[in-house]
Amino acid sequence: MIYFLCPKPATPSGGVWLIGRLAGMLPDAIVAQTEPFLVSWDAHPEKQAPTFSKGLEPTSKDVLVVPEVLWDAFRNPSLFPHTRKVMFLQSETWLDKRFDLKGVEAWTCSRYLCNYLKRVHGIPSKKITPFVDNGVWNSEATKIQGQVLVMARRNSYYEDMIHRLEQANWKFLMVDKPVTQRELAGY
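Parameters and conventions
Residues numbered from 1 in each chain as written. Predicted model: local features only at pLDDT ≥ 70, side-chain atom pairs only at ≥ 80, totals over all residues. Heavy atoms only, no water. Helix = DSSP H or I, 4+ residues; strand = E, 2+ residues; numbered from the N terminus. Expected span 1.5 Å × (residues − 1). Buried < 20%, exposed > 50% of the residue type's maximum accessible area, 1.4 Å probe, protein only. Contact = heavy atoms within 4.5 Å. Polar contact = N/O pair within 3.5 Å; in protein donor to acceptor, adjacent residues only side chain to side chain. Pairing = 2+ DSSP bridges. Right-handed = clockwise from strand over helix to strand, strands pointing away. Salt bridge = Lys/Arg side-chain N within 4 Å of Asp/Glu carboxyl O. Axes fitted to C-alpha atoms, helices over the stretch in contact; angles between N-to-C directions.

Participant: Before we move on, could you go through helix H1 (residues 14-25) and cite the residues and values that matter?
Facilitator: Here H1 contains 12 residues, and its C-alpha end-to-end distance of 16 Å stays within 8% of the 16 Å for a straight helix at 1.5 Å per residue. Buried residues dominate H1, accounting for 9 of its 12 residues. Looking at the packing, one finds that the buried side of H1 touches strand S1 (2-6), strand S2 (29-33), strand S4 (63-67), strand S5 (84-89) and helix H5 (181-186). You can read the cap of H1 off the contacts: a side-chain oxygen lies 3.1 Å from the backbone nitrogen of Gly15, and it is on Ser13.

The structure is reproduced here in structure tokens:
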């Protein structure tokens, strides 16, 4: 069994969506939520893996996939000492560079993060390629040259980015609140 550990996000999160979908594609996988919640922003919630939130009991035959945001707590060897642990890195923001990650097994969702782990922490990793749902994203949409979508969540530099886009006379759309997949596709 593969246990994908998943924290409850404060707002809709693509990382939480991806964890549920990855687990949903595997026959022997389950999402172990830190507390119960629904991934309501998924356009196809039926593709999410089964979840549970109590009694995390992986054994030596199981794999515990831990997102980087929870890695510090779960890297402790006394927690599930005989269970294979894999760090799932979706953003280097959550990694403290003081941690010695040598020997850690890691999965990432981008080539940049694979290179980051090798360059900064000296560990190789495996890349899991994110995917897009059919029937949500309009692949025939007309692209407008000189227009950009600015996601204002979780960063402090979007105001500077907007200022620079205005200076360059670029058209832009800004998303500054949590949105579902279908809402985001509408942009």
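So that's the structure; there's more coming.
Participant: Help me get a handle on the pairing of strand S6 (residues 105-108), residues and values and all.
Facilitator: The pairing of S5 with S6 spans 4 bridges and is classified as parallel. Note that in S6 the partner of Leu89 across the bridge is Thr108. Alignment of S6 against strand S7 (residues 126-127), held across 2 bridges, turns out to be parallel. Along S7, the bridge assignment pairs Trp107 with Lys126. Assessed by its sense of winding, the connection that carries the chain from S6 through helix H3 (residues 111-121) to S7 is right-handed.

Participant: Quick rundown of the pattern of salt bridges? Include the residues and the values.
Facilitator: Evaluation of the coordinates by the stated rule reveals 5 salt bridges. One salt bridge in this structure joins Arg84 and Glu105, with 2.5 Å as the shortest N-O distance. Residue Arg84 is found in strand S5, and its partner Glu105 is found in strand S6; the two are separated by 21 residues along the sequence. Overall, the relative accessible area of 27% leaves Glu105 in the partly exposed class.

Participant: Go over the pairing of S5, please, and point to the residues and values.
Facilitator: Counting buried positions along S5 yields 5 of 6 residues, so the element is predominantly enclosed. Each parallel crossover has a hand, and the one from S4 via helix H2 (residues 68-74) to S5 is right-handed.

Participant: Describe the sheet that holds S7, listing the residues and the values that go with them.
Facilitator: Reading across the sheet, the 7 strands line up as S3-S2-S1-S4-S5-S6-S7 and stay open at both edges, with parallel pairing between neighbours. For this open sheet the edge positions go to strand S3 (51-52) and S7, each flanked by a neighbour on one side alone. Pairing geometry for S1 and S4, over 3 bridges, is parallel. Note on S4: the bridge partner recorded for Tyr3 is Leu64. Packed on one face of the sheet, H1 meets S1, S2, S4 and S5 and runs near 165° to S1.

Participant: Please provide a residue-by-residue account of unusual backbone geometry, values included.
Facilitator: Although it is not a glycine, Phe80 sits at a positive phi angle of roughly 50°. Residue position: Phe80 is located in the loop between H2 and S5. Even without glycine at this site, Asn169 takes up a positive phi of about 60°. Taking the relative accessible area as the measure of exposure, Asn169 reaches 69% and is therefore exposed.

Participant: Kindly report on the side chain of Glu68, identifying the contributing residues and their values.
Facilitator: Position of Glu68 among the secondary structure elements: in helix H2. At a separation of 2.4 Å, a polar atom in the side chain of Glu68 contacts the main-chain amide nitrogen of Gln90. Among the polar contacts made by the side chain of Glu68, one reaches the main-chain amide nitrogen of Ser91 at a distance of 3.3 Å. Beyond its immediate chain neighbours, meaning those up to four positions away, Glu68 contacts Met87, Phe88, Leu89, Gln90, Ser91, Trp94 and Leu95.

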